[in-house]
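Descriptive analysis of the structure
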Amino acid sequence: MSKNLEKQIFDYLCRHLSPARFEHSYNVAMLAIELALKHNAKVMSAQIAGLLHDCAKNVDVKKFISLLKKQKNARFFLNIYKFSPHLLHSFAGEIIAQKEFNIKDKDILNAIKNHTLGRTNMTKLEKIIFIADYCSKDRGSKYKDAKTIRSLAKENLDKAFIKVLKEKIRHLIYNDNWICPKAIDTWNFYVCKDK
């Protein structure tokens with residue numbers, strides 16, 4: 001990543017994120033770099049996507065809707081807004097990455113957009129950010145299995161990805177929360193893929 005882009009991203013994140021969220025984004029980027037090196041993925045792309053994955057986390061939810069209503073599947077976003085508005089930051093993050101930082105690389109943009117719900121046919125980079133977001137080193141107190149999944153991810157990215165997806169869905173069910181149909185589609189795709 002160029003020094004100029006790195007400075008722009010760090011300045012933006014410092015202005016728009018809480019110190020804890022900034023630390024999380026940094027930790028996700030560091031783990032993403034480590035996993036990219038381990039699994040032969042693009043290190044610079046992992047760093048950028050890791051830093052920017054939560055760039056929209058503190059944006060007002062109403063601003064998300066105005067941004068996302070312009071997208072072709074607005075009804076999908078309105079359902080998320082109604083049942084689980086905190087998920088909207090990943091979709092708005094993709095837009096911010098494009099507009100604020102002129103990111104055009106589809107793999108980076110998809111990694112930002114899909115770090116919460118996943119999707120069918122995820123790339124290696126998308127899986128790396130999905131996993132790193134769940135088990136970065138600051139997540140130890142929030143997710144008891146973060147350290148175990150971090151170790152697994154260094155050995156087998158696909159197994160770690162399924163484990164994270166399973167834990168996310170299990171958490172939603174255990175807490176009687178709405179499950180976005182996209183997360184269910186992701187789960188069904190990957191559990192049926194090898195059968």
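Description of the structure in this document. What you see is a predicted model; the values in this text were computed from it and never measured.

What follows is about the overall build of the protein. In terms of helices and strands, the protein carries eleven helices and zero strands. N-terminal to C-terminal, the α/β element order of the protein is α-α-α-α-α-α-α-α-α-α-α. On C-alpha atoms alone, the protein measures out to a radius of gyration of 16 Å, which is about the 16 Å that the 2.2 N^0.38 rule sets for 195 residues. C-alpha extents for the protein along the principal axes are approximately 45 × 40 × 30 Å. Across the 195 residues that make up the protein, the buried fraction comes to 48%. Put simply, 63% of the contacts in the protein that link residues at least 6 apart link residues at least 24 apart. Looking at charge distribution, the protein has the averaged site of its 36 positive side-chain charges lying 3 Å from that of its 20 negative ones.

Moving on to helix α1 (residues 3-16). Spanning 14 residues, α1 covers 20 Å between terminal C-alpha atoms, matching the ideal 20 Å at 1.5 Å per step. Of all the residues in α1, the buried ones are Leu 5, Ile 9, Tyr 12 and Leu 13. On an axial view of α1, the arc spanned by its buried residues comes to 95°, and they lie on one face. Those residues of α1 that are exposed and aimed more than 90 degrees away from the buried face are Lys 3, Asn 4, Lys 7, Cys 14 and Arg 15. Among the structural elements, α2 (19-38), α3 (43-52) and α6 (88-101) are those in contact with the buried residues of α1.

What characterises a pair of aromatic rings is the spacing of the ring centres plus the angle enclosed by the ring planes. Inspection of every chain in the model, using the stated rule, returns nine aromatic pairs. Taken together, the aromatic side chains of Phe 130, Phe 161, Phe 189 and Tyr 190 make up a single cluster linked through ring pairs. When the ring centre of Phe 161 is taken as reference, the NZ or CZ atom of Lys 127 above it lies at 5.7 Å.

Right, let's get into the environment of Ile 96. Inspection of the secondary structure assignment puts Ile 96 in helix α6. Between the C-alpha atom of Ile 96 and that of His 24, which follows or precedes it by 72 residues, the distance is 18 Å. Not counting the four nearest positions on each side in its chain, Ile 96 is found in contact with Tyr 12, Cys 55, Ala 56, Val 59 and Phe 101.

On to the state of the cysteines. Here a disulfide denotes one covalent bond, and it connects the sulfur atoms of two cysteines. For the coordinates displayed, the defined rule picks out zero disulfides. With no disulfide of its own, Cys 180 lies closest to Cys 192 among cysteine sulfurs, the gap being 18 Å.

This brings us to helix α4 (residues 61-68). Listing the buried residues of α4 in full gives Phe 64, Ile 65 and Leu 68. On an axial view of α4, the arc spanned by its buried residues comes to 95°, and they lie on one face. The exposed set on the far side of α4, more than 90 degrees from its buried face, consists of Lys 62 and Lys 63.

Scoring rules and cut-offs
The written sequence of each chain sets the order in which its residues are numbered from 1. Selection of residues for local features in this predicted model requires a pLDDT of at least 70, selection of side-chain atom pairs for listing and counting requires 80 or more, and totals for whole chains, interfaces and linings are taken over all residues. In computing side-chain properties, one takes all heavy atoms of the structure into account and sets aside hydrogens as well as water. Labels follow the DSSP assignment, with helices taken as runs of H or I lasting at least four residues and strands as runs of E lasting at least two, numbered in each case from the N terminus. Atoms considered for the radius of gyration are the C-alpha atoms alone. The globule rule reads 2.2 Å times the number of residues to the power 0.38. The buried label goes to any residue with under 20% of its type's maximum accessible area, the exposed label to any with over 50%, and the partly exposed label to all in between, with areas taken from a 1.4 Å probe on protein chains only. In what follows, a contact means two residues having at least one pair of non-hydrogen atoms within 4.5 Å. In this charge count, Lys and Arg are treated as positive and Asp and Glu as negative; neither His nor the chain ends contribute. Charge coordinates come from a single atom per side chain, which is NZ of Lys, CZ of Arg, CG of Asp or CD of Glu. To estimate the expected span of a helix, count its residues, drop one, and scale the result by 1.5 Å. Taken from the helix axis, the directions to the C-beta atoms give the arc we talk about. Pairing of aromatic side chains here covers Phe, Tyr and the six-membered ring of Trp, requires ring centres within 6.5 Å, and sorts the geometry by plane angle: under 30 degrees stacked, over 60 edge-to-face, intermediate tilted. By the criterion adopted, a ring carries a charge over it if an Arg CZ or a Lys NZ lies within 6 Å of its centre and within 35 degrees of its normal. Note that a disulfide, as used here, is simply two cysteine sulfur atoms within 2.5 Å.

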